[in-house]
Amino acid sequence: MNALRRIALAQVPSMAIDEVVMIENSSILQDEVIAHRLGLTPLKTDLDSYNLPEECECQSEFGCPLCRVTLTMDAESTEGTRTVYSGELVSENPDIIPVSDKVPIIKLAKGQKLKLEAYARLGKGKNHAKWQPVAVCAYKYYPKIEVPSKECKDCSECVDICPKKVYTMKENKVEVRDLLACNLCMDCVEACPQKPPAIKVEWEKNAFILNIESSGALPPERIIQEATNMLDKQLAEFTKQVKAEVK
Ligand SMILES: [Zn+2]
């Protein structure tokens, strides 16, 4: 599980702006700051149509239509101050656009202009966080709780102490209200006045709860599928190398 989590964070590729050519910038922000903001704007990613530049056949530092997407922006404030949002980026590929068109890029005062060309490419989170397809990726054990009605005296000590409010009293009986909220802190087991404790808290041997929040670049299912495929490949490679060493 941890290998999958780390691959999802650091190795599943996603699209992000990597280079920006400033044509005109009369705003108060430096070119670098704007480029940084553009880089961190999540872009919808199409993993099936694009190559990682290092694996692309073109092997060109400027990229080709299979490993690079050009986005342009031509913003100007003609009256008063206005905010320029990510929605004003125009992409050459309508599938590779910002996940949200409401990411503020810059504020322009009257008469100020921002004109630029940006190049997006696939990359990996291990090289820069802007290529990380997930915001949150964490897992925990799947809890297994037993409240045997025979041993439990229904004193409600465990109900009161549980910080995650896993238990509830129903008709004077202790009941599990929200199993998945349990983080296995074992406070309930320690609070139980019975010796040995009536309540039993364990975890499933082959089940986990994975909490994954995509940046919007790829659907969470796709991120896990890609991570699984990569782990498979890496394990196969590992097996091969172990054999080679034994000879
Ligand atoms: Zn290429």
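What counts, and where the lines are drawn
- Residues numbered from 1 in each chain as written.
- Predicted model: local features only at pLDDT ≥ 70, side-chain atom pairs only at ≥ 80, totals over all residues.
- Heavy atoms only, no water.
- 1 Å grid on protein atoms, 1.4 Å probe; cavity = no way out; pocket = protein on both sides within 12 Å on 5 of 7 lines; lining within 4 Å.
- Points joined across faces, edges and corners; volume = space filled by probe spheres on them.
- Nonpolar A, V, L, I, M, F, W, Y, C, P; charged D, E, K, R; others polar.
- Helix = DSSP H or I, 4+ residues; strand = E, 2+ residues; numbered from the N terminus.
- Donors = N, O, S within 2.8 Å, 3.2 Å for Na, K, Ca; no water.
- Tetrahedral: all angles 85-135°; square planar, octahedral: opposite > 155°, others 65-115°.
- Buried < 20%, exposed > 50% of the residue type's maximum accessible area, 1.4 Å probe, protein only.
- Patch = residues over 30% accessible without salt bridge, like charges linked within 9 Å, V, L, I, M, F, W, Y side chains within 5 Å.
- Areas by Shrake-Rupley, 256 points an atom, 1.4 Å probe, with all protein chains shown as cover.
- Salt bridge = Lys/Arg side-chain N within 4 Å of Asp/Glu carboxyl O.
- Phe/Tyr/Trp six-rings, centres within 6.5 Å; stacked < 30°, edge-to-face > 60°.
- Lys NZ or Arg CZ within 6 Å of the ring centre and 35° of its normal.
- Arc of directions from axis to C-beta.
- Contact = heavy atoms within 4.5 Å.

**Re empty space enclosed by the protein**
As enumerated under the stated definition, the model contains 2 cavities of 30 Å³ or more in all. By volume, the largest cavity is sized at about 90 Å³. If you go around the largest cavity, you meet 14 residues; those closest to its centre are Cys162, Val166, Cys182, Cys185 and Cys188. Taken as a whole, the second largest cavity spans an internal volume of roughly 80 Å³. What lines the second largest cavity is Val147, Cys152, Lys153, Asp154, Cys155, Cys158, Cys192, Pro193, Gln194, Ala198 and Ile199. For the lining of the second largest cavity, the class distribution of residues is 8 nonpolar, 1 polar and 2 charged.

**A closer look at the environment of Cys162**
Summarising the element assignment, Cys162 is placed in the loop between α3 (157–161) and β8 (167–170). Separated by 39 residues in sequence, Cys162 and Gly123 have C-alpha atoms that sit 43 Å apart.

**Some words on the coordination of the zinc ion**
Taken together, Cys56 (SG), Cys58 (SG), Cys64 (SG) and Cys67 (SG) make up the protein donors of the zinc ion, found 2.2 to 2.4 Å from the metal. Classification of the site at the zinc ion as tetrahedral follows from its 4 donor atoms and the range of 105 to 113 degrees in their angles at the metal. Each donor residue of the zinc ion lies on one chain, and together they are spaced C-x1-C-x5-C-x2-C. In this structure, Cys64 and Cys67 share a single accessibility class: buried.

**Comments concerning a nonpolar patch on the surface**
On the surface, Met1, Tyr139, Tyr141, Trp203, Phe208 and Leu210 cluster together into a nonpolar patch covering about 510 Å² of accessible area. Mapped by element, the contributors of at least two residues to the nonpolar patch are β7 (134–146) and β10 (200–214). In terms of residue count, the dominant contributor to the nonpolar patch is β10 (3 residues). Structurally, Tyr139 can be placed in strand β7.

**Some words on the packing of aromatic side chains**
By the definition in use, this model includes 3 aromatic pairs. When the ring of Tyr139 is compared with that of Phe208, the centres are 5.9 Å apart and the planes differ by 80 degrees; the resulting orientation is edge-to-face. A residue pair is termed long-range when its members are at least 10 positions apart, and Tyr139 in strand β7 and Phe208 in strand β10 qualify at 69 residues. Owing to a relative accessible area of 31%, Tyr139 belongs among the partly exposed residues under this scheme. Between Tyr141 and Phe208, the ring centres sit 5.7 Å apart and the planes meet at 35 degrees, which makes this aromatic pair tilted. In this pair, Tyr141 sits in strand β7 while Phe208 sits in strand β10, placing the two residues 67 residues apart along the sequence. Above the face of the Tyr85 ring, Lys102 is positioned so that its terminal group lies 5.9 Å from the ring centre. Positioned over the ring face of Trp131 is Lys130, at 4.8 Å from the centre of the ring.

**Focus on helix α2 (residues 31–39)**
Inspection of α2 places Ile34, Leu38 and Gly39 among the buried residues, and these make up the whole buried set. Across the axial projection of α2, the buried residues extend over an arc of 140 degrees, all falling on one side. The inward-facing, buried residues of α2 contact β1 (14–25), β5 (104–108) and β6 (113–123).

**Structural notes on the pattern of salt bridges**
Evaluated as defined, the whole model comprises 8 salt bridges. A salt bridge links Arg121 to Glu54; the nearest nitrogen and oxygen atoms lie 3.5 Å apart. On the criterion of sequence distance, the pair formed by Arg121 in strand β6 and Glu54 in the loop between α2 and β2 (69–76) is long-range, its members being 67 residues apart. With relative accessibility at 46%, the residue Glu54 sits in the partly exposed group. Between Glu226 and Arg222 there is a salt bridge whose closest N-O contact spans 2.8 Å. In this pair, Glu226 and Arg222 are both assigned in helix α5 (residues 220–246), 4 residues apart and thus about one turn of the helix distant. In the salt-bridge network here, residues are joined through shared partners; they are Asp18, Glu54, Arg121 and Lys130.

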